[in-house]
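Results of the structural survey
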Amino acid sequence: MKHEKRRFIRRVDYVTSPGWIDGLEGRKRLGLLPDKGPRAVITELGILRFDSESRRMYLAEVFPNVRVEDVLENTGFSLDTDRCVESPPPTEEELLVLSTKVDPAGMMT
């Protein structure tokens, strides 16, 4: 997913895939399974996860050569960065799988 302020906004007008709504009770109120919400959001800048208590999104990892400031500048709401670490670069084997199996046409590069 492209990490842009216009995609990561404070409040949305329309929800196509409900996440944690407004915390642990939000899914339950809507009749959704309370323990089956999203686990992570992966963008070209890093990985965002959800706190196990509050279910608020936080920055878990930034990819190599990405600064935490880059993520914050492209996010339209406050984001906890206290737990953020840098992801290790992909291995040669992972790059091979990505280029031959996941995206052989090179559309994502």
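So, here's what we can say about the structure. (Residues numbered from 1 in each chain as written. Predicted model: local features only at pLDDT ≥ 70, side-chain atom pairs only at ≥ 80, totals over all residues. Heavy atoms only, no water.)

Turning next to a nonpolar patch on the surface. A contiguous nonpolar patch, built from Leu95, Val97, Leu98 and Val102 and spanning about 330 Å² of accessible area, is present on the exposed surface. Secondary-structure assignment places Val102 in helix α3 (residues 92-102). For Val102, a relative accessible area of 58% puts it in the exposed group. (Patch = residues over 30% accessible without salt bridge, like charges linked within 9 Å, V, L, I, M, F, W, Y side chains within 5 Å. Areas by Shrake-Rupley, 256 points an atom, 1.4 Å probe, with all protein chains shown as cover. Salt bridge = Lys/Arg side-chain N within 4 Å of Asp/Glu carboxyl O. Helix = DSSP H or I, 4+ residues; strand = E, 2+ residues; numbered from the N terminus. Buried < 20%, exposed > 50% of the residue type's maximum accessible area, 1.4 Å probe, protein only.)

Right, let's talk about the packing of aromatic side chains for a bit. The tally for this structure, following the rule as stated, stands at 0 aromatic pairs. Directly above the aromatic system of Trp20 lies the positively charged group of Arg55, at a separation of 4.2 Å from the ring centroid. Over the ring of Tyr58 we find Arg83, and its NZ or CZ is 3.6 Å from the ring centre. (Phe/Tyr/Trp six-rings, centres within 6.5 Å; stacked < 30°, edge-to-face > 60°. Lys NZ or Arg CZ within 6 Å of the ring centre and 35° of its normal.)

Let us now look at the sheet that holds strand β3 (residues 57-62). Pairing between the strands of a sheet is mediated by backbone hydrogen bonds and can be parallel or antiparallel. With mixed pairing, the 4 strands of this open sheet are ordered in space as β1-β2-β3-β4. One side of each edge strand has no neighbouring strand; the edge strands of this open sheet are β1 (40-42) and β4 (85-86). Alignment of β1 against strand β2 (residues 46-50), held across 3 bridges, turns out to be antiparallel. Of the residues in β2, the one forming a bridge with Ile42 is Ile47. (Pairing = 2+ DSSP bridges.)

Within this structure, the stated rule accounts for 9 salt bridges. In this structure, Arg6 and Glu4 form a salt bridge, with 3.2 Å as the shortest nitrogen-oxygen distance. Residue Arg6 is classed as exposed on the basis of its relative accessible area, which comes to 62%. Each of Glu4, Arg6 and Arg7 takes part in salt bridges that share partners, so that together they form one network.

Turning our attention to the pairing of β3. Burial analysis of β3 places 6 of its 6 residues in the buried class, the great majority of the element. Remark: 6 residues form the turn of the hairpin made by β2 and β3, two consecutive strands paired antiparallel; Arg55 in that turn has positive phi of roughly 65°. Direction of pairing for β3 relative to β4: parallel, over a ladder of 2 bridges. Looking across to β4, one finds that Val62 is bridged to Glu86. Each parallel crossover has a hand, and the one from β3 via helix α2 (residues 68-73) to β4 is right-handed. (Right-handed = clockwise from strand over helix to strand, strands pointing away.)

What follows deals with the side chain of Glu61. The topology assignment puts Glu61 in strand β3. This buried residue, Glu61, is left without a salt bridge; Arg49 holds the nearest opposite charge, at 4.3 Å. A distance of 2.4 Å separates polar atoms of two side chains, one belonging to Glu61 and the other to Ser87. (Lys, Arg positive; Asp, Glu negative; His and termini not counted. Polar contact = N/O pair within 3.5 Å; in protein donor to acceptor, adjacent residues only side chain to side chain.)

You will see that Ile21, though not glycine, has its phi angle at about 60°, which is positive. Looking at where Ile21 falls in the secondary structure, it is placed in the segment before α1 (24-29). Take Ile21: its relative accessible area is 42%, and that puts it in the partly exposed class. For Asn65, which is not glycine, the phi dihedral falls at a positive 70°. Position of Asn65 among the secondary structure elements: in the loop between β3 and α2.

It is worth stressing that arrangement in space is one thing and function is another; only the former is reported here.
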